[in-house]
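# Observations on the model geometry
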Amino acid sequence: MLWMTWRQHRAHLLSCLALLAVAALALGYDGYSLHTQYTDDGVGACARHLGEGTPACKAALRDFLDRADVTDQFLDWMMVVPGVVGALLGALLVAPEFEQGTWRMAWTQAVPRTRWLAWKLGFVVVVAAGFSAALAALVGWYRAPLDEIRPDGRFASAGFDLEGVVLPAYTVFAVALGALAGLLLRRTVAAVALAVGVFVVVRLSVETLVRPHYWSPVSRVGDPELAPTGVQAGDWTLAHGWQDLSGRNLSHNAYRAIADGATPDYPGGFAAFLRDHGVVWWQTYQPASRFGAFQLVEAGLYMVLSAGLVAGLFVALRRRTG
Amino acid sequence: MTGVPALHVEGLGKRYGQTWALRDCTLTIPVGATVAVVGPNGAGKTTLLEAVAGLVRPTEGTIRVLGETARPGSSEALAQVGFVGQQQPLYKGFTVRELLKMGRALNREWDQLLAEGWLAELGIPLDRKAGRLSGGQRAQVALALALAKRSPLLVLDEPTASLDPLVRRQFMGEVMAAVAEDEITVLMSSHVVSELGRLCDWLVVLAHGRLQVAGPIDELIDEHRLFTGPRAGVAAAGDADGIPGVVNVEHGDRYTRALVRVGPGPEPHPRWQSQPVGLDDLVLAYLAAPAPTYGTAPACSG
């Protein structure tokens, strides 16, 4: 079965390697210039000492952040890569056997179909996980300067979703979706479409609805001077706003009612005005130090989902055509 | 010949949704028989053959190959049956050599010499990709793969449906040559009755998902008679369907013909003219027969 698996899926491995090479070239080329700009313009130092920064320093930081916005938009699109690659690899496991009618040949050799699928699935899962682990390492290197200075750091969507162990987990999940859809629909294209659709829905739901709650967030209250750029780099801000000295959150209107009273010549500036009127800034957030734990929890969640799908796959394999 | 049958099917049934593709099929086929499974499309031929090959899991009933009760779909059970499916699909991107390698990799027993010799004799190049073979060559390669498994039971589902008549004849001749030497039992379906009649010594007729009749062709021919009588006579006698053992009745303008399975002993209808039947008549009569009510189970022991 090893030879058969290799013969049937070697092209998929090579395609993944080719895709990885393209990604390495593109990210390497742009990443080199990104890293150069970051060090040569002293962007990191400017970001760490924002208060005493020179105008030139602030301009360099602004230029870099503008560029980072474009980069992150591009990386956001890469979110679908594990979904599409995984769904394709998964759908190509079984669906083509039905489309070409070769399932009758495949399942009448002396290898039970469950073992047949286990070999093929195992190979493809290793390919998918290896591909996405390499991609994650690549993006991790590429985005390192952004992680240092962006407010949400590695917790930002493009960072969290593309840099860590969650990426292989997403891809394996997509493989399982594609394989199950391929077995049930018996059509490769339809299976890929369904798997990608489900993948995107699950991914976005987990990111927005589940991820913030893996661990109780931390709250802190700070001097108006800190708001909003004084957030410690790397912390994931879930919510922030203003409150009065009694700890009551101020509505936007309540805040404006106070803030509109500020005059341009107020001694000590706007922050001092707010301070003198008993307004403090608050934030709830996930500390940067929790990044690793969050990655493990989310990866684990996807592995559990994948295991469920794979179990369903084998049950369907025994039942559907059995 | 040993007492263990090559294939024993007991109460086999397969339901898809609400529809039974095959039901109440009980069949015992001796070792070395060459069985023609005939019936119109949708009669349950493919379901029966795929169930025997382990591709279809029966809804009810059991299948035993050479008395074995290996779990269906297990390696042991799969090794017992060589199977060539409809249209003989092969992996298009594989060369013939790679297909043979696949056979060797995926089977317990594998006769590489047999497969290579077979293909060399037919002039099929091993380096040719399967997608570039002709229909006849594809069928030959599929057959070579099934034969090299060295299974005691060979199942061919419409092996010649996609071939033109000349190739079809040649192919069937080769199948027979291949199985003649060993005690291989062959089960093959077709809707070309005449083709199988020449080659097979056993007959299984399916219609509407039911087994109509099964048995050695010689015996079936001996047991059946075609009775012809004046139409009026039949009307007077009541209904031809009342005759015991009647399979099918055909009313002409003046004559009524009834194909009847007669028991041993004197013929029960002296007023009728009795003729022996041909295989085609026999099959057609069973195919035209109304869905059986099975007051008595069809005799199909072999």
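## Topic: the overall build of chain B
Regarding its fold elements, chain B presents 10 helices and 13 strands. Taken across its 302 residues, chain B has 50% of its residues classed as buried. Sequence separation of at least 24 residues holds for 72% of the intrachain contacts in chain B that already meet a minimum separation of 6. Here chain B displays about 13700 Å² of accessible surface, and carbon together with sulfur accounts for 51% of that area.

## Points about the overall build of chain A
Each helix and strand counted, chain A has 12 helices and 3 strands in total. Since a compact globule built from 322 residues should have a radius of gyration of about 20 Å, the 25 Å found for chain A marks it as more spread out than a globular shape. Counting only C-alpha atoms, chain A reaches 85 × 45 × 30 Å along its principal axes. Counting every position in chain A, which comprises 322 residues, the buried fraction comes to 49%. Total accessible area on chain A is roughly 14800 Å²; 66% of this is exposed by carbon and sulfur atoms. Of the side-chain charges in chain A, 25 are positive and 25 negative, and the distance between the mean point of each set is 19 Å.

## Section: the side chain of Asn107 of chain B
Tracing the sequence through the fold places Asn107 of chain B in the loop between helix H3 (96-106) and helix H4 (112-121). The buried category is assigned to Asn107 of chain B, whose relative accessible area is 10%. A polar contact of 3.0 Å, which involves the side chain of Asn107 of chain B, links it to the backbone nitrogen of Ala110 of chain A. A polar side-chain atom of Asn107 of chain B sits 2.8 Å from the main-chain carbonyl oxygen of Gly103 of chain B.

## Things to note about the domain arrangement of chain A
Residue and element names in this part refer to chain A. By domain assignment, chain A separates into domain 1 (8-215 + 290-319) and domain 2 (218-288). Spacing between the C-alpha centres of domain 1 and domain 2 amounts to 37 Å. On the domain 2 side, the residues contacting the 13 residues of domain 1 number 12 residues. A buried area of about 950 Å², summed over both sides, lies between domain 1 and domain 2, and 53% of it is on carbon and sulfur atoms. Considering only the surface of domain 1 that becomes buried against domain 2, Asp152, Phe155 and Arg290 emerge as the three largest contributors, covering 50% of it. Joining domain 1 to domain 2, the criterion identifies 0 salt bridges. Taken together, the connections running from domain 1 to domain 2 amount to 7 residue pairs in polar contact (both at pLDDT 80 or more). Grouping the amino acids of the side of domain 1 that touches domain 2 by side-chain chemistry returns 7 nonpolar, 1 polar and 5 charged.

Criteria and cut-off values
Residues numbered from 1 in each chain as written. Chains lettered and ligands numbered in written order. Predicted model: local features only at pLDDT ≥ 70, side-chain atom pairs only at ≥ 80, totals over all residues. Heavy atoms only, no water. Helix = DSSP H or I, 4+ residues; strand = E, 2+ residues; numbered from the N terminus. Buried < 20%, exposed > 50% of the residue type's maximum accessible area, 1.4 Å probe, protein only. Contact = heavy atoms within 4.5 Å. Areas by Shrake-Rupley, 256 points an atom, 1.4 Å probe, with all protein chains shown as cover. Rg over C-alpha atoms; globule rule 2.2 N^0.38 Å. Lys, Arg positive; Asp, Glu negative; His and termini not counted. Charge placed at Lys NZ, Arg CZ, Asp CG, Glu CD. Polar contact = N/O pair within 3.5 Å; in protein donor to acceptor, adjacent residues only side chain to side chain. Domains from an automatic or database assignment. Buried area = accessible area lost by both parts, 1.4 Å probe. Salt bridge = Lys/Arg side-chain N within 4 Å of Asp/Glu carboxyl O. Nonpolar A, V, L, I, M, F, W, Y, C, P; charged D, E, K, R; others polar.

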